[in-house]
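Read off the chains here:
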Amino acid sequence: CLSQALAASELFGCTKGAFTGAHEAKAGAFEQAHGGTLFLDEIANLDYEVQTFLLRVLQERKVRRVGALKEVGVSVRIVVASNENLGAAVKKGVFREDLYHRLNEFEIVIPPLRNRKADIPVFAARFLSESNEQFQKQVPGFQPEVLQLFKDYSWPGNIRELKNVVRRACLLTAEDQLIASASLPVEMVVPGAYVPDLPHEELFEASLKTTSFKAELQHIVEVLRRVDFNKTKAASVLNIDRKTLYNKLKKVPGLSNRVLKN
């Protein structure tokens, strides 16, 4: 979330010297979008006082640059987006109710990715194409197992998480090879290794008490991936016996039967 001064400057512009870092006069987003459409993403993160300024602009159709005395008329269509429920934010007191009603002329609710399983392969293919172009690679696609893992995963980070997962997998995959499960994050391959409702630093906390064991588990899973989840080979690579490996894996709740019984 931008600071109050920076957010106001980005939206409404500023005069030279209006605040620290304002080295020159600048037109804001409203002035630049005059006669067109302005898209404001993550509107719920906007500072409460900047929300007040925004409401005034929407009502009066005029903007005043930070540090200026004169107002400038603007004609702009506003489209906003938020990954939070703005109605709930109003009830919490973190989003202005009058601004909410001013913006909420027409609402489009986009279901989360976990409720759009059929769209996942389409998005994944698009993100892979973009990643190939960015990284100058030629990764042709995904192994069937990977697409199934994508469909089975809950995607707590929604579409952005899918994009990051595909980008990472593209980087880790050799030229002309299909993306395999070995290139995916641990939580996607090992069910139960990720709890969406907990912050990142609390992952595995219920069953994995120490940071060292968390790191050990990550290493074990990476080795299992490299040997296609063959526990005998994995135990050999890890320099431990098969029974010790099995006992370590049993401590992870919800671990897939494929890993335990292989």
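Notes on the structure follow. (Residues numbered from 1 in each chain as written. Predicted model: local features only at pLDDT ≥ 70, side-chain atom pairs only at ≥ 80, totals over all residues. Heavy atoms only, no water.)

## Some thoughts on the overall build of the protein
In terms of regular secondary structure, the protein is built from 13 helices and 4 strands. Taken over 262 residues, the protein has a buried fraction of 36%. Long-range contacts, defined as pairs at least 24 residues apart, comprise 62% of the intrachain contacts of the protein with a sequence gap of at least 6. Accessible area for the protein stands at about 15700 Å²; split by element, carbon and sulfur atoms hold 50% of it. (Helix = DSSP H or I, 4+ residues; strand = E, 2+ residues; numbered from the N terminus. Buried < 20%, exposed > 50% of the residue type's maximum accessible area, 1.4 Å probe, protein only. Contact = heavy atoms within 4.5 Å. Areas by Shrake-Rupley, 256 points an atom, 1.4 Å probe, with all protein chains shown as cover.)

## Looking at the pairing of strand β1 (residues 37-40)
The two faces of β1 differ: Leu38 and Leu40 on one face are buried, but Thr37 and Phe39 on the other face are not. Judged from the 4 bridges that link them, β1 and strand β4 (residues 77-80) form a sheet pairing that is parallel. Residue pairing for β4: Thr37 is matched across the bridge by Arg77. (Pairing = 2+ DSSP bridges.)

## A word on the pattern of salt bridges
In this structure the tally under the stated criterion is 9 salt bridges. Taking the shortest distance from any N to any O, the salt bridge between Arg116 and Asp119 comes out at 3.1 Å. A relative accessible area of 23% places Arg116 in the partly exposed class. Residue classification places Asp119 among the partly exposed positions, given a relative accessible area of 29%. Across the salt bridge formed by Arg126 and Glu130, the nearest N and O atoms sit 3.0 Å from each other. Taken together, the residues Arg126 and Glu130, both in helix α6 (residues 120-135) and 4 residues apart, mark about one turn of the helix. Residue Arg126 is classed as exposed on the basis of its relative accessible area of 53%. Judged by relative accessible area, which is 30%, Glu130 ranks as partly exposed. (Salt bridge = Lys/Arg side-chain N within 4 Å of Asp/Glu carboxyl O.)

## Notes on the environment of Phe30
As for its position among the elements, Phe30 is in helix α2 (residues 29-32). Taking relative accessible area as the criterion, Phe30 reaches 1% and is therefore assigned buried. Separated by 33 residues in the primary sequence, Phe30 and Val63 have C-alpha atoms spaced 7.5 Å apart.

## Focus on helix α11 (residues 231-238)
Within α11 the residues assigned to the buried category are Lys231, Ala234, Ala235 and Leu238. All buried residues of α11 fall inside an arc of 100 degrees around its axis, so they share one side. Those residues of α11 that are exposed and aimed more than 90 degrees away from the buried face are Ser236 and Val237. Downstream of α11 by one or two residues, Asn239 has phi in the positive range, about 65 degrees. (Arc of directions from axis to C-beta.)

## Describing the packing of aromatic side chains
A full pass over the atoms with the stated rule returns 6 aromatic pairs. Aromatic pair Phe12 and Phe30: ring centres 5.8 Å apart, planes at 25 degrees, arrangement stacked. Within this pair, whereas Phe12 is found in helix α1 (residues 4-12), its partner Phe30 is found in helix α2, the two being separated by 18 residues in sequence. Classification of Phe12 by relative accessible area gives buried; the value is 4%. Aromatic pair Phe123 and Phe127: ring centres 6.3 Å apart, planes at 15 degrees, arrangement stacked. Separated by 4 residues within a single helix, Phe123 and Phe127 lie in helix α6, roughly one turn from each other. (Phe/Tyr/Trp six-rings, centres within 6.5 Å; stacked < 30°, edge-to-face > 60°.)

These results come straight from atomic positions and should not be treated as a statement about function.
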